[in-house]
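Spelled out from the first residue to the last, the chains are:
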Amino acid sequence: MEKKYTGLLYIAPWLVGLIIFTIYPFIASFILSFTDYKIIYQPQFIGFSNYIKMFHDQLFWTSMFASFKYVVLTVPLKLIFALFIAMVLNFKLKGINFYRTAYYVPSILGGNVAVAVLWRFLFANNGLINQFLGIFGINPVPWFSSEYPALFTISALRIWEFGSAMVIFLAGLKDIPQELYEAAAVDGATPIRSFFKITIPLLTPIIFFNLVMQIIQAFQEFNGPYLITGGGPLYKTYLFPLLIYDNAFKYFNMGYASALSWVLFIIIMIFTALVFRSSRYWVFYSDSDEGEVK
Amino acid sequence: MVNLIENRNKNFNLRQNSDYRKREIKRTINSAVRYTILSIGAFIMLYPILWLIGASFKTNSEIFTSISFIPPRIDFTPYIKGWITGTQYTFATYFANTFKYVIPRVVFTVFSSVITAYGFARFDFPFKKPLFGILIATLFLPEVVTRIPLYLLWKQLHLLDTFVPLYAPMIFANQAFFVFMLIQFFRTIPRELDEAAIIDGCNSFEVLTKILVPTLKPAIITVALFQFMWSMNDFMGPLIYISSVEKYPVSIALKMAIDTTEGNFAWNQIIAMSLIALLPSIIVFFAAQKYFVEGIATTGLKG
Amino acid sequence: MKRAITLMVSLIFFLTIILAGCGTSKQESSNNVQTQETQKQITLRFSWWGDDTRHQATLEAIKLFEQKYPNIKIKAEYAGWDGYLDKQTTQIAGGTAADIMQINWNWLPIFSKDGNGFYDLNKLSKELGLEENYTKNILQLGTVNGKLNGIPVALTGRVIYYNKTVYDKFGVSTFPTTWNDLINIAKKFDKGYYPMILGDYDAWLLSMTYAIQKTGKPFIDNNGKLAFDENDIKIALDFYKKLIDNKVTPTIATIANEGGNGNAPIEQLPSFIDGKFAGLFQWTSAVKKDATPLKEKNMELALGGIPMDSDSKTSGAILKPSMLFAINKDCKYPKEAATFLNFILNDPEGVKAMGLNRGIPVSKSAVDTLQKAGLISGLEYDGLKFLLDHPSVPISPYLEDPKLQDVYRQTIDQISYGKVTVDEAAKYMYDNVQKVLSEITK
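Residues numbered from 1 in each chain as written. Chains lettered and ligands numbered in written order. Predicted model: local features only at pLDDT ≥ 70, side-chain atom pairs only at ≥ 80, totals over all residues. Heavy atoms only, no water.

1. Observations concerning unusual backbone geometry
Now for step 1: Here A:Gly232 and A:Pro233 are connected by a cis peptide whose omega angle stands at -5°.
Now for step 2: Along the polypeptide, A:Pro233 turns up in the loop between α12 (223-228) and α13 (240-250).
Now for step 3: Of note, the phi angle at A:Ile39 is positive, near 75°, even though the residue is not glycine.
Now for step 4: Relative to the assigned elements, A:Ile39 resides in the loop between β1 (35-36) and β2 (44-45).
Now for step 5: A residue is classified by how much of its surface remains accessible, and A:Ile39, at 3% relative accessible area, is buried.
Now for step 6: Even without being glycine, C:Asn145 reaches a positive phi, approximately 55°.
Now for step 7: Counting through the fold element by element, C:Asn145 comes out in the loop between β4 (143-144) and β5 (147-148).
Now for step 8: For C:Asn145, a relative accessible area of 59% puts it in the exposed group. (Helix = DSSP H or I, 4+ residues; strand = E, 2+ residues; numbered from the N terminus. Buried < 20%, exposed > 50% of the residue type's maximum accessible area, 1.4 Å probe, protein only.)

2. Quick notes on the pairing of strand β1 (residues 42-49) of chain C
Residue and element names in this part refer to chain C.
Now for step 1: Judged by how many residues are buried, β1 sits mostly within the fold: six of eight residues are covered.
Now for step 2: Examined bridge by bridge, β1 and strand β2 (residues 72-79) share eight bridges and lie parallel to one another. Bridging from a neighbouring strand, Trp-49 pairs with Ala-79 of β2.
Now for step 3: As defined by bridge partners, β1 adjoins strand β3 (residues 100-103) across two bridges and the pair is classed as parallel. For Phe-46, the partnering residue across the bridge sits in β3 and is Ile-100. (Pairing = 2+ DSSP bridges.)

3. Observations concerning the packing of aromatic side chains
Now for step 1: For the structure shown, the criterion picks out 101 aromatic pairs over all chains.
Now for step 2: A ring pair is formed by A:Phe219 and A:Phe271, whose centres lie 5.2 Å apart and whose planes are at 65°; its orientation type is edge-to-face. Here A:Phe219 is found in helix α11 (residues 191-219), whereas its partner A:Phe271 is found in helix α14 (residues 254-282), with 52 residues between them in sequence.
Now for step 3: Of the residues examined, A:Phe271 reaches a relative accessible area of 27% and is grouped as partly exposed.
Now for step 4: B:Arg187 extends its terminal NZ or CZ atom over the ring of A:Tyr285, reaching a point 3.7 Å from the ring centre. (Phe/Tyr/Trp six-rings, centres within 6.5 Å; stacked < 30°, edge-to-face > 60°. Lys NZ or Arg CZ within 6 Å of the ring centre and 35° of its normal.)

4. Quick notes on the UniProt feature "transmembrane region" (unreviewed entry) in chain B
Residue and element names in this part refer to chain B.
Now for step 1: Look at the UniProt record and you will see "transmembrane region" (unreviewed entry) annotated at residues 32-53, 102-120, 132-154, 166-186, 207-230 and 265-288.
Now for step 2: Helix and strand shares over residues 102-120 are 100% and 0% respectively, and the end C-alpha atoms of the span are 26 Å apart.
Now for step 3: Spanning residues 132-154, this segment combines 78% helix with 0% strand, and its end C-alpha atoms are found 27 Å apart. (UniProt positions renumbered as here; feature names shortened; annotations may be inferred.)

5. A word on the nonpolar core
Now for step 1: Membership of the largest hydrophobic core comes to 360 residues, with the highest contact counts inside it found for A:Tyr103 and C:Phe219.
Now for step 2: No other element matches the 14 residues that helix α4 (residues 91-122) of chain B contributes to this core.
Now for step 3: Mapping this core onto the domain boundaries places at least three of its residues in each of domain 1 (1-74) and domain 2 (78-300) of chain B.
Now for step 4: If near-sequence neighbours (up to four positions away) are discounted, C:Phe219 is found in contact with C:Trp204, C:Met208, C:Ile212, C:Lys225, C:Leu226, C:Ala227, C:Phe228, C:Ile233, C:Leu399, C:Tyr408, C:Met429 and C:Val433. (Core = buried A, V, L, I, M, F, W, Y, C linked by side-chain atoms within 4.5 Å. Domains from an automatic or database assignment. Contact = heavy atoms within 4.5 Å.)

6. As for the pattern of salt bridges
Two side chains bearing opposite charge may form a pair once their charged atoms approach each other closely.
Residues and elements named next belong to chain B.
Now for step 1: Per the stated rule, a full pass over the model turns up 34 salt bridges over all chains.
Now for step 2: Between Arg-147 and Glu-143 there is a salt bridge; the shortest N-O distance is 3.1 Å. Here Arg-147 pairs with Glu-143, and both are found in helix α6 (residues 143-156), just four residues apart, close to one helical turn.
Now for step 3: Overall, the relative accessible area of 6% leaves Arg-147 in the buried class. (Salt bridge = Lys/Arg side-chain N within 4 Å of Asp/Glu carboxyl O.)

7. Observations regarding the pairing of β2(C)
Now for step 1: With respect to burial, β2(C) is a largely interior element, six of its eight residues being buried.
Now for step 2: Crossover handedness for the path β1(C) to helix α2 (residues 52-68) of chain C to β2(C): right-handed. (Right-handed = clockwise from strand over helix to strand, strands pointing away.)

8. Remarks on the confidence of the model for chain A
Residue and element names in this part refer to chain A.
Now for step 1: Confidence in the prediction of chain A, expressed as mean pLDDT, is 89, and 97% of residues score 70 or more.
Now for step 2: Within chain A, no element has a lower average pLDDT than helix α6 (residues 113-123), which sits at 82, and none a higher one than α14, at 95.
Now for step 3: Confidence drops under pLDDT 50 across residues 290-294; counting only partners more than four residues distant or on other chains, this segment forms 16 contacts. (pLDDT = per-residue confidence, 0-100.)

9. A word on the interface of chain A and chain B
Now for step 1: Facing the 95 residues of chain A at the interface are 98 residues of chain B.
Now for step 2: Between chain A and chain B, a total of about 8,800 Å² is buried, with carbon and sulfur atoms accounting for 76% of that surface.
Now for step 3: Our count for the contact surface shared by chain A and chain B stands at zero salt bridges.
Now for step 4: Applying the counting criterion to the chain A and chain B interface returns 15 residue pairs in polar contact (both at pLDDT 80 or more).
Now for step 5: No other element matches helix α2 (residues 12-32) of chain A, which puts 14 residues into the side of chain A that touches chain B.
Now for step 6: Looking at side-chain class alone, the side of chain A that touches chain B contains 65 nonpolar, 18 polar and 12 charged residues. (Buried area = accessible area lost by both parts, 1.4 Å probe. Polar contact = N/O pair within 3.5 Å; in protein donor to acceptor, adjacent residues only side chain to side chain. Nonpolar A, V, L, I, M, F, W, Y, C, P; charged D, E, K, R; others polar.)

10. Observations concerning the side chain of C:Gln88
Now for step 1: By the secondary structure assignment, C:Gln88 is in helix α3 (residues 84-94).
Now for step 2: Leaving out residues up to four positions away in the same chain, C:Gln88 has contacts with C:Ser47 and C:Met101.

11. Some points on the domain arrangement of chain B
Residues and elements named next belong to chain B.
Now for step 1: Each assigned domain of chain B is listed here: domain 1 (1-74) and domain 2 (78-300).
Now for step 2: Opposite the 10 residues of domain 1 that make contact, domain 2 presents 12 residues.
Now for step 3: Roughly 830 Å² is buried in total at the junction of domain 1 and domain 2, and carbon and sulfur atoms are behind 73% of that figure.
Now for step 4: The tally of links between domain 1 and domain 2 comes to zero salt bridges.
Now for step 5: Looking at the side of domain 1 that touches domain 2, the elements that each hand over two or more residues are α1 (2-55) and α2 (60-65).
Now for step 6: For the side of domain 1 that touches domain 2, the element with the most residues is α1, which contributes four residues.
Now for step 7: Class assignment of the residues belonging to the side of domain 1 that touches domain 2 gives a composition of seven nonpolar, two polar and one charged.

And the structure:
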């Protein structure tokens, strides 16, 4: 009897916070999504108008597709990159501390002024990258003024700032007992085999976490396009959160912004649910036989 | 016969010897390759910082026309001027203000997130699945639309223009990112560990503090580290809740320095200050390094 | 185990109480101080955005004011431009905005559609010295629905400034005075050099200026209705097409490939700093930041004005308040707030302290004071003088509505990227401007 509620007691602080700090603003924004709310005037109830309006809003579709493309482009590349570097940095080498910090530095920079300026030096028409490509006789790529290059330009920023995912992988790698590798080596397993048979399976809960979080964060990406392309060219990098922000604090359509946010909420929820559903087939938890929490 | 064996032995020894030498060479080459790749990578990753350092010694026009990181001259005036600022306070005040809410944030986050994650990861209780679903769902809604309702909430509580709105939610494990992350880490630890401890007479709280927390040290350090660095950078939170200049944190002071609407600005000063603002994060990260390197004492119990 | 849990739960409640407790007690104590001091002293909150020099000058003016009026204390709440509108919006929504606010001109229709969003300053005419210092036309710019919502601090307008050094190099000694001449000089420029750089918003404003000259109509009239018809818009857009076809300005793609047109301002573009983009259509109040990097490279920026053909009906000059000072509609001490504004806007002592950090003031006594001190000169003043000498049709505050700005940008971008014909673009723009205007003025 007591055991049944022990867990509930441990999550009590979170539950209290949920009620105070989360439920109220969530409900408020949900209600506002059915209103015409210009922030400084009283909200007017308008039923489903905001949701209907979306289907006729060209920008809604443009930015929705842009966000999908961005997620597909960024998430896998960033995860592979982060895992690869984490593997490399997981060795005991002299001076490894320095290297770990060095690889994390871009993530500390975040949206610093320098990043935008540097990106211009790299991706401008006569920038470093085009000069480098020129060596191989490749024509300059219009990184800022054509759809896919521009999407890549902003995703490159986030891929380059892979530090957080890397650190989480590193912490996960540290949890894998060294003896397993030693035992495998005795059995004649190659490092590559050990990687796929030991590292990856034991790391799946962490990979799963990073995957879920990266998908959520990529759908909510704002800073990259805001800093680097401003949504251009022709709204090709105008990701969904930019549309939400513009409607909220630029056009003062908080009602519409709330409705857009709830659509985004549903989309992220579907994706997350899919990943959770799939996790039972590929995530291995050491604490149970059957897998996921949900 | 004997000769033959001897010969064979000799051969064997020789082979072993050359094998050993080969391996030694291979290892040297291996580590040389590894260092080269690591160093090239590190240079690319560090370039922005190097460029920033160089740029803090350049003029406005030099900054935007040269990607070189080599400073054309050495002059620390931008650092001094930037530190003093054109406001009533120096960066010392702004740093002190930042730590006034960043440190409580880190401490509260670590404690509340570990406890909540433990509850989710190790216990069964009514409504666990829907509650876990809600936990994850709190990550889905963009912050822009909850900003004003939250602001009104803090206004009702008469806590505007204080640091409380910036750290109080952390007492309640309000950032699902950290809770979810810790849940995943808890779940990489076999339950046999807990069971063994319970047989030894530990209660559930002691299992957490004596067994699980030491095992999860790298993950917990990660939580603290992330919270520290993200809170240092956070601009929107303090901007909305703090309105007295004497309470401004570094992130706002920096944006204040970056204001270029009037054209009186010196970029090198802005860059010098943004470098100084980055320092705490870099130092803390570097210092926390060794906790990732350290192996875990209890690994023997695993698997 | 039970004990541990009880302990934990009570700890949480304890913490909650402490936090809530100390928060409120702090708040109360500061309230007490305020009420105690009300008898002899009042405090007014004053919020503004700006850079360090503006902060210093304003803080100095506040100090002088507090010496002169020891019973009024001004609490300065200043910040950078980034996020200022977000914060202002949140504060206005929460009813916690400052007593005295520095606002942008195009925020008037947003925060005060009916004129009731801010205190009606006409009621404080005497305290503010409105009659002596401001013309009716100037005050009209801060008036919504007959209510004076804000006092214009300074005026700003768009004029062309050009890189004299580069123009000289290509044998162009003065800036062209007609549009045809402007198009012709582009031929004298080397490949890779352009007489001007027009980002998408600049491009629209310049093209609109051209069309206003040709038609004599304002783009949006005083009632917030679109005065241009589709054909007038086409005149403007045709003109822009001509500018890019004749390489007077680089295309949007070319500018974007330097990293511009997103969030990189012109003064950060290497081609501008190197003199390859040798002119720009800039606000007079912002020209300093373009002149500085050029000066570092030993190049000189000079006033080009606005070209005009002989058949021009008007100059098309765009002139607006660069910013306004407003008083919170719920301000408890509007008279004192007005006294303060009068001090910094009109009183020689305050004016001198404030200097030119918010642009060249419009207040007559302020101009007198600063002129006597010999402070008014330079590119900004030249540009402003040009605009005042060439008056045009009035400009609507809706012109710079953020959503309309996005429509202009989108139209120009589509032409520049060659995605649509000018006819299609004109129709797109006409329809969308109508749509947005009907949304924001309803």
